[in-house]
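Observations on the model geometry
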Amino acid sequence: MTVAFDNSGGTAVRSGTVTFGTHVIGALGVDWGTVESTVGLPVPIGAGTRTERTWTVCVDRWRVPLGMHIETRDVSVRWE
């Protein structure tokens, strides 16, 4: 999953986290659950700059029964 971060503020971002919500989807499209994973922000992000980062989001095999698949649909960021 690739996420772009734009710092439009006047100071650098020095810490924070990114949380991914990966959904387990059944064969008929039913959302059976969400698995969250959290990683650190790619810091520092200078004032007025943009940076991109790519992560591999994994889910344990036992959480995804045969015939189901996963989709990472939610991304939230906590800046500090």
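Residues numbered from 1 in each chain as written. Predicted model: local features only at pLDDT ≥ 70, side-chain atom pairs only at ≥ 80, totals over all residues. Heavy atoms only, no water.

Some details on the environment of Val18
Mapped onto the elements of the fold, Val18 is located in strand β2 (residues 16–25). Classification of Val18 as buried rests on a relative accessible area of 0%. Counting along the chain gives 19 residues from Val18 to Ser37, while the straight-line C-alpha distance between them is 8.4 Å. (Helix = DSSP H or I, 4+ residues; strand = E, 2+ residues; numbered from the N terminus. Buried < 20%, exposed > 50% of the residue type's maximum accessible area, 1.4 Å probe, protein only.)

Digging into the packing of aromatic side chains
Tallied over the full model, the rule gives 3 aromatic pairs. For the pair Phe5 and Trp55, a centre-to-centre distance of 6.2 Å together with 85° between the ring planes defines the contact as edge-to-face. Of this pair, Phe5 sits in strand β1 (residues 2–6) while Trp55 sits in the loop between β4 (50–54) and β5 (69–79), placing them 50 residues apart in sequence. Of the two residues, Phe5 and Trp55, both sit in the buried class. Members of the aromatic cluster, each reached through a chain of ring pairs, are Phe5, Phe20, Trp55 and Trp79. (Phe/Tyr/Trp six-rings, centres within 6.5 Å; stacked < 30°, edge-to-face > 60°.)

A word on the pattern of salt bridges
A complete count under the given rule lists 5 salt bridges for this structure. A salt bridge links Asp31 to Arg73, with the nearest nitrogen and oxygen atoms 3.8 Å apart. Here the residue Asp31 occupies a position in strand β3 (residues 31–40), and Arg73 occupies one in strand β5, the gap between them amounting to 42 residues. Asp31 gets classed as partly exposed once you look at its relative accessible area, which sits at 36%. A salt bridge links Glu71 to Arg73; its shortest N-O distance comes to 2.9 Å. Note on Glu71: relative accessible area 29%, which makes it partly exposed. If you follow the salt bridges from partner to partner, you end up with Asp6, Arg50 and Glu52 in one network. (Salt bridge = Lys/Arg side-chain N within 4 Å of Asp/Glu carboxyl O.)

Side note on a nonpolar patch on the surface
Together, Met1, Val75, Val77 and Trp79 line one region of the surface with nonpolar side chains, adding up to about 310 Å² of accessible area. Mapped onto the elements of the fold, Val77 is located in strand β5. (Patch = residues over 30% accessible without salt bridge, like charges linked within 9 Å, V, L, I, M, F, W, Y side chains within 5 Å. Areas by Shrake-Rupley, 256 points an atom, 1.4 Å probe, with all protein chains shown as cover.)

Some words on the sheet that holds β2
Ordered in space as β3-β2-β5, the 3 strands form an open sheet in which the pairing is antiparallel. Looking at which strands have only one partner, the edges of the open sheet turn out to be β3 and β5. When strand polarity is set aside, the average angle formed by the axes of neighbouring strands in this sheet is 20°. In this sheet, β5 lies alongside β2 in antiparallel orientation, the contact comprising 10 bridges. Paired with Gly16 across the strands is Trp79, a residue of β5. (Pairing = 2+ DSSP bridges. Axes fitted to C-alpha atoms, helices over the stretch in contact; angles between N-to-C directions.)

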